[in-house]
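# Summary of the model geometry
So you can see what is in the structure, the chains are spelled out below.
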Protein chains: 2
Amino acid sequence: MKKLTEKQKKVFEFIKDYIAENRYPPTIKEIMDHFSFFSPTAVVSYLNALEKKGYIKRDKGKARGIILKEYFLNIPVIGRIPAGTPKIEEENFEEFISVSKEIFGEGDIFSLIVKGDSMKDAGIFDGDYIIVKKDVEIKNGDIVVIFYNGEYTVKYFYKRKNFIELKPANPSYNSIIIKESPLITGKVIGLLRKIK
Amino acid sequence: MKKLTEKQKKVFEFIKDYIAENRYPPTIKEIMDHFSFFSPTAVVSYLNALEKKGYIKRDKGKARGIILKEYFLNIPVIGRIPAGTPKIEEENFEEFISVSKEIFGEGDIFSLIVKGDSMKDAGIFDGDYIIVKKDVEIKNGDIVVIFYNGEYTVKYFYKRKNFIELKPANPSYNSIIIKESPLITGKVIGLLRKIK
DNA sequence: TTTCACACTGTAAATAATTATACTGTAAAT
DNA sequence: ATTTACAGTATAATTATTTACAGTGTGAAA
């Protein structure tokens, strides 16, 4: 991404701050007033520069049509998965986790609430929100969400010679060994925890 | 919070979806068009109902001045704290973590990136983003961020009879015992992890 | 070293388009 | 009896765009 000049940076920062405070973008006039410009054209030239350099996108003709490129990913949280429900597609989530795109990237991402302590040595505890990405290549050692025996579980994934090992991160539990190709829902790419 | 009628809910959902998609709120006309209303008054009556019931706030007179009440908390991420810098006030953060307010609540909250494995048995790993809240009461057993010996560290907090124990969650490390009252920066209320 | 293009940073003024509000009225549902 | 759920119309306010003009600095070419 191209570098901004000092003043461009200031304008960009103002837009960010404005959105953080007001939850909607500023108008050209509001930016103009804030910087004590005497003409909206001054602002427009900044917005053009910011857009050209890839920092914002503009919805032309629309009021407050300034969109920050570096922005958020809304992750739907599937609170309770009724055991035996293989479709997370049209889920009835109530919550969203919104995170800067830099954190988890983009893609088909959702969140599950972990039950149990079978992954505790991997730092995944009961009640944690795991961030799961669909449609990614699974490599040995990855933590995956699989649909197995009518339930969703989180395990380490290992492809062995003649079988697949789904290994918990807790010595109290045994690995699950399966012959057939498991129904992998996604790869765990992140975690979010609330601590009381 | 008062319950919404079916149609009010639909309008509210539309506003939420619109914002998720466009990053700025819809105009009255856009809502009107979406629901094929023939008059903006229809929309206004819905917005009034939503505001009265506490679901939105309106910035009167401003274009797209619809604000969702249930919204996000922007947590500044302080990437690297130069050892020996006791002020996190005017920090030079680059990142924000934006989370639904339901997750971590509200308040003076920031995030630090964990270095080291001294809290690994608490499920806090190297590279994790811990969510820290200032100005909260610290109780025994809480995980806290303290400024000690020119550095920030994360430890369990225990107030003993004649001293304070700052205990790591890793048998390889020893507790820090201090007599004087430590400079507690905040309490760890959450965690966010990226998994490669 | 000078010149020239070009990006950056603006002023000024007019216009077009978008957007919100206010008032009046109707009718069904709770 | 009040809330909910609209239509219709008019107007005010907000907001974006466009065109024209100009100074400053920077880097490259001559």
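Right above here is the structure, for reference.
In what follows, the accompanying structure is described. (Residues numbered from 1 in each chain as written. Chains lettered and ligands numbered in written order. Predicted model: local features only at pLDDT ≥ 70, side-chain atom pairs only at ≥ 80, totals over all residues. Heavy atoms only, no water.)

## Considerations on the protein's contact with DNA strand C
Neighbouring residues of DNA strand C: 24 residues in total, closest A:Thr41, A:Tyr46, B:Ile28, B:Gly61 and B:Arg64. Across the atoms of DNA strand C situated within 4 Å of the protein, the share located in sugar and phosphate is 73%. For DNA strand C, a base nitrogen lies 3.0 Å from a polar atom in the side chain of A:Ser39. Between a phosphate oxygen of DNA strand C and a main-chain N or O atom of B:Ile28, the distance comes to 2.6 Å. When residues of the surface near DNA strand C are traced back to their parent elements, those giving at least two are helix 1 (6-22) and helix 3 (40-52) of chain A together with helix 3 (40-52) of chain B. Looking at the surface near DNA strand C, the element that brings in the most residues is helix 3 of chain A, giving four residues. (Near = heavy atom within 4 Å. Polar contact = N/O pair within 3.5 Å; in protein donor to acceptor, adjacent residues only side chain to side chain. Helix = DSSP H or I, 4+ residues; strand = E, 2+ residues; numbered from the N terminus.)

## Details of helix 1 of chain A
Under the 1.5 Å per step criterion, the end-to-end length of helix 1 of chain A is 24 Å for 17 residues, consistent within 8% with the ideal 24 Å. Here helix 1 of chain A has its buried residues at A:Gln8, A:Val11, A:Phe12, A:Phe14, A:Ile15, A:Lys16, A:Tyr18, A:Ile19 and A:Asn22. Buried residues along helix 1 of chain A sit in contact with helix 2 (28-34), helix 3, strand 1 (56-58) and strand 2 (66-68) of chain A together with strand 2 (66-68) of chain B. A:Arg23 sits one or two residues past helix 1 of chain A and shows a positive phi near 75°. (Expected span 1.5 Å × (residues − 1). Buried < 20%, exposed > 50% of the residue type's maximum accessible area, 1.4 Å probe, protein only. Contact = heavy atoms within 4.5 Å.)

## Some details on the packing of aromatic side chains
Summed over all chains, the structure comprises 16 aromatic pairs over all chains. Seen in terms of ring centroids, B:Phe35 and B:Phe37 are 5.7 Å apart; in terms of plane orientation they differ by 20°. Their pairing is stacked. Owing to a relative accessible area of 22%, B:Phe35 belongs among the partly exposed residues under this scheme. Overall, the relative accessible area of 23% leaves B:Phe37 in the partly exposed class. Joined through ring pairs, the aromatic side chains of A:Phe14, A:Tyr18, A:Tyr24, A:Phe35, A:Phe37 and A:Tyr46 make up one cluster. (Phe/Tyr/Trp six-rings, centres within 6.5 Å; stacked < 30°, edge-to-face > 60°.)

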